[in-house]
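# Report on the structure
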Amino acid sequence: MFVCRLGATIPEEMDELLDPRNWSKNGVAALVRADLPDFDDIAETLLENDVDGDVLLTLTDEDLKTDLGITSLGKRRKLLKVIEKLKKHSQTVLKEQNSAASVQEVATATGHDETTSNVA
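Residues numbered from 1 in each chain as written. Predicted model: local features only at pLDDT ≥ 70, side-chain atom pairs only at ≥ 80, totals over all residues. Heavy atoms only, no water.

### Describing the side chain of Ser-90
Condition: The helix count covers DSSP runs of H or I at least four residues long, the strand count covers runs of E at least two residues long, and both are numbered beginning at the N terminus. Think of it in three bands: residues with accessible area under 20% of the maximum for their type are buried, residues over 50% are exposed, and the middle band is partly exposed, with areas taken using a 1.4 Å probe on protein chains only. Polar contacts, as used here, are pairs of N or O atoms within 3.5 Å; protein pairs need one atom able to donate a hydrogen and one able to accept it. Residues neighboring in sequence count only if both atoms are side-chain atoms. Note on contacts: a residue pair qualifies if any of its non-hydrogen atoms lie within 4.5 Å across the two residues.
Structurally, Ser-90 is set in helix α5 (residues 73-109). A relative accessible area of 5% places Ser-90 in the buried class. Side-chain polar atoms of Ser-90 contact the side chain of Asp-19, separated by 2.8 Å. Residues contacting Ser-90, with those up to four places away along its chain left out, are Asp-19, Pro-20, Arg-21 and Leu-57.

Structure below.
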């Protein structure tokens, strides 16, 4: 399980979805509610605006203020901190996936692919 914030963890229903880019808008709202307990209003705003994981990772301070109407500077900054951590986590997951794919390609090319080996 991924610990996002300042102590909170990603909700159980998102445990398999390690890459935030794959989260649904409901998953994003669940994360905001879990990670930032006083942000129910913002979680609802994100839901209403169809902000899924991929969109969440692209949000800027200006987007939060202008497009989503989040006027509180403090809330925008806290949400942006969470977004930054999620971006870093997403990059880590992507690197791990690419590394695993490379290992699999080498194993297949050299005949050491466990999925195709027949051990008698």
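### Remarks on the packing of helix α1 (residues 25-35) against helix α2 (residues 40-48)
We apply this condition: Fitted lines through C-alpha atoms give the axes, limited to the stretch in contact for helices. The angle between two N-to-C directions lies from 0 to 180 degrees. Note that the term roughly parallel is reserved for angles under 35 degrees, roughly antiparallel for angles over 145, roughly perpendicular for angles of 65 to 115, and oblique for everything else. As a working rule, the residues Ala, Val, Leu, Ile, Met, Phe, Trp, Tyr, Cys and Pro are called nonpolar, Asp, Glu, Lys and Arg charged, and the rest polar, with Gly in that last group.
Contact geometry for α1 and α2: axes closest at 9 Å, N-to-C directions at 170 degrees. The angle between α1 and α2 falls in the class roughly antiparallel. Contacts between α1 and α2 involve Lys-25, Asn-26, Val-28, Ala-29, Val-32 and Arg-33 from the former and Asp-40, Ala-43, Glu-44, Leu-46 and Leu-47 from the latter. Here the contact of α1 with α2 is composed, by residue class, of six nonpolar, one polar and four charged.

### Details of the packing of aromatic side chains
Test applied: Pairs were defined over the aromatic rings of Phe, Tyr and Trp, the Trp ring being its six-membered one, requiring ring centres within 6.5 Å. Orientation was assigned from the angle between planes: stacked under 30 degrees, edge-to-face over 60, tilted for the rest. As a reminder, the over-ring test applies to NZ of lysine and CZ of arginine, requiring each to be within 6 Å of the ring centre and within 35 degrees of the ring normal.
Counted under the stated rule, the structure contains zero aromatic pairs. Between the NZ or CZ atom of Lys-75 and the centre of the ring of Phe-39, over which it lies, the distance is 5.1 Å.

### Details of the pattern of salt bridges
Applicable threshold: One side-chain nitrogen of Lys or Arg within 4 Å of one carboxyl oxygen of Asp or Glu is enough to make a salt bridge.
Tallied over the full model, the rule gives eight salt bridges. In this structure, the salt-bridge partner of Asp-40 is Arg-33, at a minimum N-O distance of 3.5 Å. Here Lys-75 ties to Asp-41 by a salt bridge, and the two come within 3.4 Å at their closest N and O atoms. Placement of Lys-75 in helix α5 and of Asp-41 in helix α2 is noted, with a sequence separation of 34 residues between them. Accessibility expressed as a relative area gives 44% for Asp-41, which makes it partly exposed. Members of the salt-bridge network, linked through shared partners, are Arg-33, Asp-40 and Glu-44.

### Focus on the nonpolar core
Applicable threshold: Only buried Ala, Val, Leu, Ile, Met, Phe, Trp, Tyr and Cys residues count toward a nonpolar core, and they belong to the same one when joined by side-chain atoms within 4.5 Å.
Leu-46, Leu-56, Leu-59, Leu-64, Leu-79 and Leu-86 are the most contacted members of the largest nonpolar core, which has 23 residues in total. Counting residues per element, the ones that place at least two in this core are α1, α2 and α5. No other element matches α5, which puts five residues into this core. When residues no more than four places from it in sequence are discounted, the contact partners of Leu-79 are Val-32, Leu-36, Ile-42, Leu-64 and Ile-70.

### Focus: a positive patch on the surface
Put simply, the rule is: Within the patch definition used here, like charges are joined within 9 Å and nonpolar side chains (Val, Leu, Ile, Met, Phe, Trp, Tyr) within 5 Å, considering only residues with over 30% relative accessible area and no salt bridge. Accessible surface is estimated by sampling points in the Shrake-Rupley manner with a 1.4 Å probe; for residues, cover comes only from the protein chains shown. For the purpose of counting charges, residues Lys and Arg are taken to be positive, whereas Asp and Glu are taken to be negative. His and the chain ends are not included. By convention, the charge on Lys lies at NZ, on Arg at CZ, on Asp at CG and on Glu at CD.
The grouping of Lys-78, Lys-81, Lys-85 and Lys-88 at the surface amounts to a positive patch. Structurally, Lys-88 can be placed in helix α5. Judged by relative accessible area, which is 55%, Lys-88 ranks as exposed.

### Quick notes on α2
Of all the residues in α2, the buried ones are Ile-42, Ala-43, Thr-45, Leu-46 and Leu-47. Asp-50 sits one or two residues past α2 and shows a positive phi near 55 degrees.

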